[in-house]
Protein chains: 2
Amino acid sequence: MDTSATMVDVEELRGAATRTVGVLKILANEDRLLLLCQLSQGERCVSELEEQLGIRQPTLSQQLGVLRSEGVVATRRQGKNIYYSVAEPAMLEILALLYRLYCPRSESDGD
Amino acid sequence: MDTSATMVDVEELRGAATRTVGVLKILANEDRLLLLCQLSQGERCVSELEEQLGIRQPTLSQQLGVLRSEGVVATRRQGKNIYYSVAEPAMLEILALLYRLYCPRSESDGD
DNA sequence: CAAACAATATATAAATATATATATTGTTGT
DNA sequence: ACAACAATATATATATTTATATATTGTTTG
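Computed from a predicted model, the values in this text were never measured in an experiment. (Residues numbered from 1 in each chain as written. Chains lettered and ligands numbered in written order. Predicted model: local features only at pLDDT ≥ 70, side-chain atom pairs only at ≥ 80, totals over all residues. Heavy atoms only, no water.)

Colleague: I would appreciate a short explanation of the protein's contact with DNA strand C in the present structure.
Modeller: The full set close to DNA strand C counts 19 residues, and Asn29 of chain A together with Gln57, Ser61, Asn81 and Tyr84 of chain B are the nearest of them. A share of 72% of the atoms of DNA strand C within 4 Å of the protein falls on sugar and phosphate groups. Within the contact set of DNA strand C, a base nitrogen lies 3.3 Å away from a side-chain nitrogen or oxygen of Gln62 of chain A. In the model, a base oxygen of DNA strand C is placed 3.2 Å from a nitrogen or oxygen of the Gln57 of chain B side chain. Put simply, the parts of the chain that give the surface near DNA strand C at least two residues each are helix H2 (30-40) and helix H4 (57-69) of chain A together with helix H3 (46-53), helix H4 (57-69) and strand S3 (81-86) of chain B. (Near = heavy atom within 4 Å. Polar contact = N/O pair within 3.5 Å; in protein donor to acceptor, adjacent residues only side chain to side chain. Helix = DSSP H or I, 4+ residues; strand = E, 2+ residues; numbered from the N terminus.)

Next comes the structure, spelled out in structure tokens:
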């Protein structure tokens, strides 16, 4: 048996896969993806997100809760409103790539 | 109300999100991610994947079935073995980014 | 054609995730 | 302090995914 450095060892690969899948699961939900998409454009409060994305409040709250507990968004309270923003730079990189690959530039957008 | 071009309209955004989430769901499973990772390095047959990743045969077959039905892998039969490879260039781009972001280069690897 | 083996398919129990309704907490302005 | 409103929390039915056991299909070689 060859336990030397011919390939990345399986355990290490598994570890990386577990971490990566954690991130991917966060993104693999339409509401959360839309939320992160919108937040990648800049900070938004919940009522803005509700209006801009057409996601109803309880769903919004549940999914923002997921994003908070996973630490991918930061929150800031201002008066009655809580403003959300993307806290993970890596997440922004992934969103940017996904946008480039799958988001149609509506009409002419200087491709 | 302003229905003009101030922002990407919600329906179009939803459509893109639905498609993108479809891709992300494929990736958001540890076994499938490992499979695609390995396949991104080049064509492999099932028994090779089983040995290299330590995934048991039925799981392997089930998850390769998902990848096949989603059209992200291509297959080629050679004798008793079926060789798999990644069929979607976009998938390779995503895998490359994920690798860069989350896969630890073991030991020195010229960063 | 039959044995041996590689791969695929099916079935189902268990675990997760999602949608939706309803209740609670926290902040502001009077 | 209380009314009004923004946000969060909880509960649960439904749907989707995953793990695991078992059966079937297909190919090669004698």
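Colleague: I tried to follow the relation of the copies chain B and chain A on my own but got confused; where do I start?
Modeller: Relating one copy of the chain to the other requires a rotation about an axis plus a shift along that axis. For the match of chain B to chain A, the screw axis carries a shift of 0.0 Å, the RMSD comes to 0.0 Å, and the turn is 180°. What we have between these two chains is a two-fold relation. Mapped onto chain A, 100% of the interface residues of chain B again fall at the interface, so both copies present the same surface. (Least-squares fit on C-alpha atoms with pLDDT ≥ 70 in both. Contact = heavy atoms within 4.5 Å.)

Colleague: Where do I start with the interface of chain B and chain A in this structure?
Modeller: Quite often, the size of an interface is put as the accessible area lost when its parts meet. Across the boundary between the two partners, chain B contributes 38 residues, which contact 38 residues of chain A. Across the chain B to chain A interface the summed buried area is about 3600 Å²; carbon plus sulfur atoms make up 66%. A per-residue breakdown of the area chain B buries against chain A is headed by Arg14, Glu30 and Tyr102 of chain B, which together make up 19% of the total. Our count for the contact surface shared by chain B and chain A stands at 6 salt bridges. We note a salt bridge from Arg14 of chain B to Asp31 of chain A, for which the minimum N-O separation is 3.2 Å. Taken together, chain B and chain A are joined by 12 residue pairs in polar contact (both at pLDDT 80 or more). (Buried area = accessible area lost by both parts, 1.4 Å probe. Salt bridge = Lys/Arg side-chain N within 4 Å of Asp/Glu carboxyl O.)

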